[in-house]
Amino acid sequence: MIYVAQGILSFIAAAAFGIVFNAPKKSLFYCGIVGTTGWIVYMYVNQMNQDQVSASFAGAFTVAFVSHIMSKKFKMPMIIFSVAGIIPLVPGGTAYNAMRSVVEKNYPLALEYASLALLISGSIAMGLVFAEIITQLWTKAIVKLKTKP
Amino acid sequence: MAADYELVVESCLLAGRLMMESGAETYRAEDTMDRMAISQELTQSQSFVTPTGIIFSGNKNLPTRLVRINARTTDLGKIASVNNISRKLAFGDITIEEAYSELKQIEDEHETYPFWIQIVAAAIASGAFLLLFSGKLLDVPTALIAGGIGYAVSDRLEVRTRVKFFAEFFAAFIVTVIATISVASGLGSELDKIIIGSVMPLVPGLLITNAVRDLMAGSFVSGLSKGAEAFLTAFAIGAGVALVLSL
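Residues numbered from 1 in each chain as written. Chains lettered and ligands numbered in written order. Predicted model: local features only at pLDDT ≥ 70, side-chain atom pairs only at ≥ 80, totals over all residues.

Undergrad: Could you clarify how one ought to interpret the overall build of chain B in this entry?
TA: Across its full length, chain B carries 10 helices and three strands. Reading chain B from its N end, one meets helices and strands in the order α-α-β-β-β-α-α-α-α-α-α-α-α. Each principal axis of the C-alpha distribution contributes one length, and for chain B these read about 75 × 30 × 30 Å. In chain B, which comprises 247 residues, the proportion classed as buried is 51%. Contacts in chain B between residues far apart in sequence, at least 24 positions, make up 65% of those at least 6 positions apart. (Helix = DSSP H or I, 4+ residues; strand = E, 2+ residues; numbered from the N terminus. Buried ≥ 20, exposed ≤ 12 C-beta atoms within 10 Å, placed from the backbone. Contact = placed C-beta atoms within 7 Å.)

Rendered as structure tokens:
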């Protein structure tokens with residue numbers, strides 16, 4: 001049940017972000033789909049491992065992978081689909097907590113949160129890059145298979 | 001085909017500038033320009049794109065051109081249209097003259113969503129994020145109002161002042177003030193979650209993704225400068241929130 005509710009909410013959030021970033025009208029629905037799949041994978045891994053870093057990696061990987069499929073299908077740049085999907089994964093809450101700890105002069109806690117936010121951003125980046133490399137290898141393999149006599 | 005090479009160079013520069021102004025990745029802008037040039041028999045073309053300017057050289061007889069990029073926003077629709085034109089040009093569906101006039105048309109009269117719809121979308125996104133981060137249903141109205149006003153303030157201030165960091169700082173400041181007032185008057189309950197949800201439309205998500213992808217694609221100049229822009233924007237948001245919290 002919680003998955004359904006979160007799926008709908010992340011769909012709304014990603015599609016709304018599509019409007020804020022002025023994505024083409026016909027791509028808005030698919031922006032939402034990308035957001036939903038990314039968030040559900042993130043939630044699932046987060047529940048299994050209790051670890052935001054690996055969950056962000058899995059979420060970002062899914063977002064980039066699904067965006068790639070969409071961009072091939074609709075012949076639009078991949079970035080149109082991936083941007084809205086990545087936003088929910090950005091460690092806004094962790095960064096906020098880090099900054100709040102700085103305001104409260106609790107510097108050790110601030111450092112802890114800040115390094116966690118940095119790790120999460122890094123894992124999002126790695127997820128994006130991994131998905132891109134894998135899809136590139138995949139398309140190259142398909143082209144090779146097709147050109148073979 | 002004795003193409004008009006100067007028009008080709010002009011079109012490539014226009015396409016690259018439109019893409020960079022709407023927030024495309026550097027390597028995509030370079031790739032688009034090169035493809036357009038190659039389809040018009042300029043096979044020796046070289047392009048060097050940074051977030052603040054584009055250097056493009058057609059071949060050794062043509063002068064090397066430089067255009068400056070002053071304003072950078074996020075406009076995914078524009079990226080899609082320019083990409084579409086370069087694709088049609090590369091497949092030979094349109095001539096370079098048609099491509100140039102279509103690009104000019106995009107520059108002059110590109111349609112965006114009306115401003116109020118963008119504000120409503122930002123507000124809805126804030127509310128949805130609040131619930132995604134396991135906030136309470138009671139806090140949703142506050143997040144809607146704070147998110148919408150925050151986005152409107154940052155957008156208008158950016159247009160007026162041309163200083164993005166100030167606009168983001170001030171928007172985060174206003175969001176936090178609204179959230180604090182509503183919690184103090186009993187309309188909202190969890191200050192932290194309201195602020196996190198409402199600040200989300202301001203987060204430089206596109207910049208962060210682009211910075212990393214540019215770095216990985218080997219465009220170190222663009223990657224580092226976009227990373228610096230993203231860091232400064234995030235810092236401005238953080239400072240705006242911190243200022244209210246420390247009062």
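Undergrad: Would you take a moment to explain the overall build of chain A for this structure?
TA: Secondary structure summary: chain A contains six helices and zero strands in total. Scanning chain A from its N terminus toward the C terminus, one meets helices and strands in the order α-α-α-α-α-α. Across its three principal directions, the C-alpha atoms of chain A cover 70 × 30 × 30 Å. Counting across all 149 residues of chain A, residues that qualify as buried make up 54%. Within chain A, counting contacts between residues at least 6 apart in sequence, those at least 24 apart form 60% of the total.

Undergrad: Explain the confidence of the model for chain B here, please?
TA: Note that predicted coordinates carrying low pLDDT should not be read in detail. Confidence along chain B averages 87 in pLDDT terms, with 99% of residues attaining 70 or more. Across the assembled chains, the prediction reports ipTM 0.85 with pTM 0.85. (pLDDT = per-residue confidence, 0-100.)

Undergrad: Even after reading the chapter, I still don't get the interface of chain B and chain A, so can you show me in this structure?
TA: A common way to state how big an interface is: give the accessible area lost once the parts meet. Each side of the interface is counted separately: chain B has 44 residues, and chain A has 36 residues. At 10 residues, the largest contribution of residues to the side of chain B that touches chain A is made by helix α5 (residues 115–132) of chain B. In terms of residue class, the side of chain B that touches chain A is built from 29 nonpolar, nine polar and six charged. (Nonpolar A, V, L, I, M, F, W, Y, C, P; charged D, E, K, R; others polar.)

Undergrad: Hey, could you run me through helix α2 (residues 28–49) of chain A in this one?
TA: For an α-helix, the turn length of 3.6 residues means that residues three or four places apart are oriented alike. Residues and elements named next belong to chain A. The terminal C-alpha atoms of α2, which comprises 22 residues, lie 32 Å apart, in line with the 32 Å expected from a rise of 1.5 Å per residue. Every buried residue of α2 is accounted for by Tyr-30, Cys-31, Gly-32, Val-34, Gly-35, Thr-36, Thr-37, Gly-38, Trp-39, Val-41 and Tyr-42. Tucked into the core, α2 has its buried residues touching α1 (2–20), α3 (52–74) and α4 (79–86). (Expected span 1.5 Å × (residues − 1).)

Undergrad: Is there a simple way to explain the packing of helix α1 (residues 5–21) of chain B against helix α2 (residues 26–39) of chain B in this structure?
TA: Residues and elements named next belong to chain B. Packing of α1 against α2 leaves a shortest axis separation of 9 Å and a crossing angle of 160°. Looking at the two axes, α1 sits roughly antiparallel to α2. In terms of crossing hand, the pair formed by α1 and α2 is right-handed. In this structure, α1 contributes Val-8, Ser-11, Cys-12, Ala-15, Gly-16, Met-19 and Met-20 to the contact, and α2 contributes Arg-28, Ala-29, Thr-32, Met-33, Met-36 and Ala-37. Split into classes, the residues belonging to the contact of α1 with α2 amount to nine nonpolar, three polar and one charged. (Axes fitted to C-alpha atoms, helices over the stretch in contact; angles between N-to-C directions. Parallel < 35°, antiparallel > 145°, perpendicular 65-115°, else oblique. Left-handed = near helix turned anticlockwise from the far one by under 90°.)

Undergrad: Would you mind going over the packing of α5(B) against helix α8 (residues 191–199) of chain B with me for this structure?
TA: Any two packed helices are characterised by the angle at which their axes cross and by the distance between the axes. Residues and elements named next belong to chain B. Put simply, α5 and α8 touch, their axes get as near as 7 Å, and they point 135° apart. In terms of their interaxial angle, α5 and α8 are classed as oblique. In terms of crossing hand, the pair formed by α5 and α8 is right-handed. Residues Ser-126, Phe-129 and Leu-130 of α5 form the contact with α8, whose own contacting residues are Lys-193, Ile-194, Gly-197 and Ser-198. In the contact of α5 with α8, the residues fall into three nonpolar, three polar and one charged.

Undergrad: Could you clarify how one ought to interpret the nonpolar core in this entry?
TA: What tends to happen in soluble globular proteins is that the nonpolar side chains get buried as a cluster. Within the largest apolar cluster, 120 residues are counted, with the highest numbers of intra-cluster contacts made by A:Ala13, A:Ala16, B:Ala125, B:Ala128 and B:Val199. Top contributing element to this core by residue count: α5(B), with 11 residues. For this core, the two domains that each supply at least three residues are domain 1 (5–108) and domain 2 (115–245) of chain B. (Core = buried A, V, L, I, M, F, W, Y, C linked by C-beta atoms within 7 Å. Domains from an automatic or database assignment.)

Undergrad: Looking at this model, I keep getting lost on the pairing of strand β2 (residues 53–57) of chain B. Mind explaining?
TA: Side-chain positions along a regular strand alternate between the two faces of the sheet. Residue and element names in this part refer to chain B. Only one face of β2 is covered, namely the face carrying Ile-54 and Phe-56; the face carrying Gly-53, Ile-55 and Ser-57 is uncovered. Two strands pair when backbone bridges link them, and strand β1 (residues 46–50) and β2 are joined in this way by five bridges, in the antiparallel orientation. What sits directly across from Phe-48, in β2, is Ile-55. Between β1 and β2, which pair antiparallel one after the other, the connecting turn spans two residues. Bridge analysis of β2 against strand β3 (residues 65–68) gives four bridges, and the strand direction is antiparallel. (Pairing = 2+ DSSP bridges.)

Undergrad: When you look at the sheet that holds β1(B) in this model, what are you seeing that I'm missing?
TA: The pairing of strands in a sheet comes from backbone hydrogen bonds and takes either a parallel or an antiparallel form. All names here are of chain B. Strand order in the open sheet made by the three strands is β1-β2-β3, with antiparallel pairing throughout. Edge strands, defined here as strands with exactly one partner in the open sheet, are β1 and β3. Along the sheet, successive strands turn relative to each other by an average axial angle of 10°, direction set aside. Against the sheet, α1 makes contact with β1, β2 and β3, and its axis sits at roughly 155° relative to β2, the strand it touches most. Taken strand by strand, α2 contacts β1 and β2, and its axis lies near 155° from that of β1.

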